[in-house]
Amino acid sequence: MNRRELITLGALAAALPAQTTPAYSLPKLPYAADALEPFIDARTMEIHHGKHHQAYVDNLNKALAGRPAQPLDQLLKGLSSLPDSIRNAVRNNGGGHANHSLFWQTLGKGSPAPKGKLATAIGKSFGDQAKFEAKLHATGLTVFGSGWVWVTLDKGALAIETSPNQDSPWLVGKNPLLGIDVWEHAYYLKYQNRRAEYLTAVMKVLNWDFIGERYTELSK
Ligand code: MN3
């Protein structure tokens, strides 16, 4: 993957020849499992990445066995063209693979706040960074059961929205700029039922350098 493909993630698996099995693989974490301590604990990272994300990859490959590999965004945008027998498995596991691949990249300890074009866009859509963060946090709390809270990009406009289960914004043709996993497996070991505390913590380790670069690439 080149730098642009890494940032947009749209090209995951694109470089692989057709009919390769398995087509999709678990991306390495871009940092050590304990890099986000004390906000996200190492044990949660190890299980979340090594077990949960790995299972989505394995089940996606199983569902797609023998079919040509294609970029994840195309796979999810084209879900309706898949046979009934595998559509739900691809929706759930392809979504799980896409969502987590993006999630790991958007975390890290870098700039504490967005800069440049992204900062301007956040100001335009939400007022200011504090209002944006308050809305992201509050919206994350509204997800009932397992799901994600997203910042999406649709024709240049930023929006905060949620999805159930592993549904990706790509299913409805929108680009995810960032997503926060609010499944209990993302926080239960350290925060138990306290999702609000987890959301506050995870928002302190958003990698605004990566997210800013992604915004620039996606808004081209
Ligand atoms: Mn998860």
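Residues numbered from 1 in each chain as written. Predicted model: local features only at pLDDT ≥ 70, side-chain atom pairs only at ≥ 80, totals over all residues. Heavy atoms only, no water.

Observations concerning the nonpolar core
Counting 46 residues, the largest nonpolar core has Leu136, Leu158, Ile180 and Tyr198 as the members making the most contacts within it. Residues contacting leucine 136, with those up to four places away along its chain left out, are Val149, Val151, Ile160, Leu178, Ile180 and Met203. (Core = buried A, V, L, I, M, F, W, Y, C linked by side-chain atoms within 4.5 Å. Buried < 20%, exposed > 50% of the residue type's maximum accessible area, 1.4 Å probe, protein only. Contact = heavy atoms within 4.5 Å.)

A look at the coordination of the manganese ion
The reference angle at a metal is 109.5 degrees if four donors form a tetrahedron and 90 or 180 degrees if six donors form an octahedron. For the manganese ion, the full set of protein donor atoms is His48 (NE2), His100 (NE2), Asp181 (OD) and His185 (NE2), and the range of their distances to it is 1.9 to 2.1 Å. Each donor residue of the manganese ion belongs to the same chain, with the gaps between them written as H-x51-H-x80-D-x3-H. Within this pair, whereas histidine 100 is found in helix 4 (residues 84-105), its partner histidine 185 is found in the loop between strand 3 (175-181) and helix 7 (188-191), the two being separated by 85 residues in sequence. By relative accessible area, which is 0% here, histidine 100 ends up buried. The class of histidine 185 is buried, set by a relative accessible area of 18%. (Donors = N, O, S within 2.8 Å, 3.2 Å for Na, K, Ca; no water. Helix = DSSP H or I, 4+ residues; strand = E, 2+ residues; numbered from the N terminus.)

Observations regarding the packing of helix 2 (residues 42-63) against helix 4
Geometrically, a packed helix pair is captured by the angle between its two axes and the distance between the axes. Running from amino to carboxyl end, helix 2 crosses helix 4 at an angle of 145°, the nearest separation of the two axes being 8 Å. Of the two possible hands of crossing, helix 2 and helix 4 adopt the one that is left-handed. Mapping the contact onto sequence places Met45, His48, His49, His53, Ala55, Tyr56, Val57, Asn59, Leu60 and Ala63 in helix 2 and Ile86, Ala89, Val90, Asn92, Asn93, Gly94, Gly96, His97, His100, Ser101, Phe103 and Trp104 in helix 4. For the contact of helix 2 with helix 4, a count of residues per class yields 11 nonpolar, 11 polar and no charged. (Axes fitted to C-alpha atoms, helices over the stretch in contact; angles between N-to-C directions. Left-handed = near helix turned anticlockwise from the far one by under 90°. Nonpolar A, V, L, I, M, F, W, Y, C, P; charged D, E, K, R; others polar.)

Side note on the environment of glutamate 133
As for its placement among the helices and strands, glutamate 133 is situated in helix 6 (residues 129-142). Sequence separation of glutamate 133 and methionine 203 is 70 residues, and the distance between their C-alpha atoms is 7.9 Å. Within the local environment of glutamate 133, its side chain forms a polar contact with the side chain of glutamine 129, the two groups lying 2.7 Å apart. (Polar contact = N/O pair within 3.5 Å; in protein donor to acceptor, adjacent residues only side chain to side chain.)

Observations concerning the sheet that holds strand 3
Pairing within the open sheet is antiparallel, and its 3 strands lie in the order 2-1-3. Of all the strands in the sheet, the pair left with one neighbour each is strand 2 (157-164) and strand 3. The sheet shows a mean angle of 25° between the axes of neighbouring strands, direction not considered. Lying on the sheet, helix 5 (residues 116-126) is in contact with strand 2 and strand 3; it crosses strand 2 at an angle near 75°. (Pairing = 2+ DSSP bridges.)

A look at the packing of aromatic side chains
Any aromatic ring pair is given by two values, namely how distant the centres are and how the planes are angled relative to each other. Evaluation of the coordinates by the stated rule reveals 7 aromatic pairs. On the numbers, 6.1 Å between centres and 65° between planes, the contact of phenylalanine 132 with tryptophan 208 is edge-to-face. Within this pair, whereas phenylalanine 132 is found in helix 6, its partner tryptophan 208 is found in helix 9 (residues 208-218), the two being separated by 76 residues in sequence. Accessibility expressed as a relative area gives 1% for phenylalanine 132, which makes it buried. (Phe/Tyr/Trp six-rings, centres within 6.5 Å; stacked < 30°, edge-to-face > 60°.)

With respect to the pattern of salt bridges
Inspection of every chain in the model, using the stated rule, returns 8 salt bridges. Put simply, glutamate 161 and lysine 174 hold a salt bridge, and the shortest N to O gap is 3.2 Å. Of this pair, glutamate 161 sits in strand 2 while lysine 174 sits in the loop between strand 2 and strand 3, and the two are 13 residues apart along the sequence. Using a relative accessible area of 23% as the deciding quantity, one classes glutamate 161 as partly exposed. (Salt bridge = Lys/Arg side-chain N within 4 Å of Asp/Glu carboxyl O.)

A few points about helix 5
What helix 5 keeps buried is the set Leu118, Ala121, Ile122 and Phe126. End-on view of helix 5: buried residues confined to an arc of 100°, all on one side of the axis. Along helix 5, the residues that are exposed and aim more than 90 degrees away from the buried face are Gly116, Lys117, Thr120 and Lys124. Buried residues along helix 5 sit against helix 6, strand 2, strand 3 and helix 9. Note on helix 5: the residue one or two positions beyond its end, glycine 127, has a positive phi of about 105°. (Arc of directions from axis to C-beta.)

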